[in-house]
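For reference, the chains in residue letters:
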Amino acid sequence: MGAANAIEYLQCVEIAKLGDNEKYRPIFQPYIYGISRVKIGKGSIKGDGSVGVWAAQGIREFGVIPADEPGVPAYSADIARNWGSKGPPDNFINIGKKHLLKSTAKVTNYPMVRDALINGYPVTVASNRGFRMTGTADKGKLWATPYGVWNHQMCIIGVDDDPKRPGCYIINSWGTNA
C-alpha cells in the first residue's frame, strides 16, 4: 500500500504541478506486492509482508498496473495473498512493463525527505518501527507515538518544517481511526 500510495501521489504531482496530459488512475496494490515478493524477493518471505526496497526495484523493473485496467480483478486480501505467493499473471506483467518508474532514490534523513517532497517526489518509509494506533497531540498537531515493532511501509506526502518540531505527514493504509 505504501508504494502504491507513493505512485498515486506522484501521478497527482505530475498532472497538477508539471502539467502532464494524463488521467489519474488508481494503482492495483496486489500487483506491487506480488512482483516485490515473487519477482524480486524470489519467495524468500514466508507468511505475509514484503520489503520496501523490493517494491522500489519491482516498480522500476516491472512497473505498475492501474486498478481500472480491463481485466484487473477487484482488490481483495485473497488476490493479494495469491499474487504475493505466485506472482501476478503474465498478462498483467506485460501491462505493468508499460508503466515503469524510471528511478528511485534512498533517503536517510529528514532534510533528504523534506527536499524530495519539495521537489515533487513522494517518499516511502519501510521499517520495523511500531506505533500506537492513536496519536499524541502536541502543539496543535497529532504525532505518531512510537511503540513496539511491526514491519510496515507507509507513504510520506508532506512535511511541516517547524524549527521547534519538524515532522512528516504520512498516509497509512489502516483507515481513518489508525
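Predicted model, so just to flag it, every value in this text is computed and none were measured.

Caption draft 1: How the structure looks around the nonpolar core. Judged by nonpolar contacts, Phe 28, Tyr 31, Ile 35, Ile 40, Trp 54, Phe 62, Ile 65, Val 72, Trp 83, Phe 92, Ile 93 and Ile 95 together constitute the single largest core of 12 residues. Of all the secondary structure elements, the ones that give two or more residues to this core are helix 2 (29-40), helix 3 (52-62) and helix 5 (90-96). In this structure, Tyr 31 is in contact with Phe 62, Gly 63, Val 64, Ile 65, Trp 83, Pro 88, Phe 92, Ile 93 and Gly 96, ignoring residues within four places of it in sequence. Counting 10 residues, the second-largest nonpolar core is a separate cluster that includes Ala 3, Ile 27, Ala 55 and Ile 59.

Caption draft 2: The side chain of Asp 160, seen in detail. Along the chain, the position of Asp 160 falls in strand 4 (residues 146-160). Residues in contact with Asp 160, not counting those within four places in the same chain, are Tyr 110, Lys 141, Arg 165, Pro 166, Gly 167 and Tyr 169.

Caption draft 3: Representation of the environment of Tyr 121 in the model. Locating Tyr 121 in the fold gives a position in the loop between helix 6 (110-118) and strand 1 (123-131). On the basis of relative accessible area, Tyr 121 is assigned to the exposed category, the value being 51%. Note: C-alpha distance between Tyr 121 and Phe 62 (59 residues apart in sequence) is 20 Å.

Caption draft 4: Quick look at the confidence of the model for the chain. The share of residues in the chain with pLDDT of 70 or more is 98%, and the mean pLDDT across the chain is 91. Between the elements of the chain, mean pLDDT differs from a low of 84, seen in strand 3 (residues 141-143), to a high of 98, seen in helix 2.

Caption draft 5: Representation of the packing of aromatic side chains. All told, the structure shown has three aromatic pairs when counted by the stated rule. Aromatic side chains Phe 28 and Trp 83 sit 5.4 Å apart centroid to centroid with 75° between the ring planes, which places their arrangement in the edge-to-face category. Placement of Phe 28 in the loop between helix 1 (2-16) and helix 2 and of Trp 83 in helix 4 (residues 77-86) is noted, with a sequence separation of 55 residues between them. Looking at Trp 83, the relative accessible area reads 5%, which means it is buried. When the centroid spacing of 5.3 Å and the interplanar angle of 35° are considered together, the rings of Trp 83 and Phe 92 count as tilted. For the pair Trp 83 and Phe 92, one class covers both residues: buried.

Caption draft 6: Spotlight on the sheet that holds strand 4. On the basis of which strands lie adjacent, the open sheet formed by three strands has the order 1-4-5 and antiparallel pairing. Unpaired on one side and paired on the other, strand 1 and strand 5 (167-171) mark the two borders of the sheet. Each strand of the sheet is rotated relative to its neighbour by a mean of 55°, with strand direction disregarded. In this sheet, strand 5 lies alongside strand 4 in antiparallel orientation, the contact comprising five bridges. Within the sheet, the bridge partner assigned to Gly 158 lies in strand 5 and is Tyr 169. Against the sheet, helix 6 contacts strand 1, strand 4 and strand 5, and its axis sits at roughly 45° relative to strand 4.

Cut-offs applied
- Residues numbered from 1 in each chain as written.
- Predicted model: local features only at pLDDT ≥ 70, side-chain atom pairs only at ≥ 80, totals over all residues.
- Heavy atoms only, no water.
- Core = buried A, V, L, I, M, F, W, Y, C linked by side-chain atoms within 4.5 Å.
- Buried < 20%, exposed > 50% of the residue type's maximum accessible area, 1.4 Å probe, protein only.
- Helix = DSSP H or I, 4+ residues; strand = E, 2+ residues; numbered from the N terminus.
- Contact = heavy atoms within 4.5 Å.
- pLDDT = per-residue confidence, 0-100.
- Phe/Tyr/Trp six-rings, centres within 6.5 Å; stacked < 30°, edge-to-face > 60°.
- Pairing = 2+ DSSP bridges.
- Axes fitted to C-alpha atoms, helices over the stretch in contact; angles between N-to-C directions.

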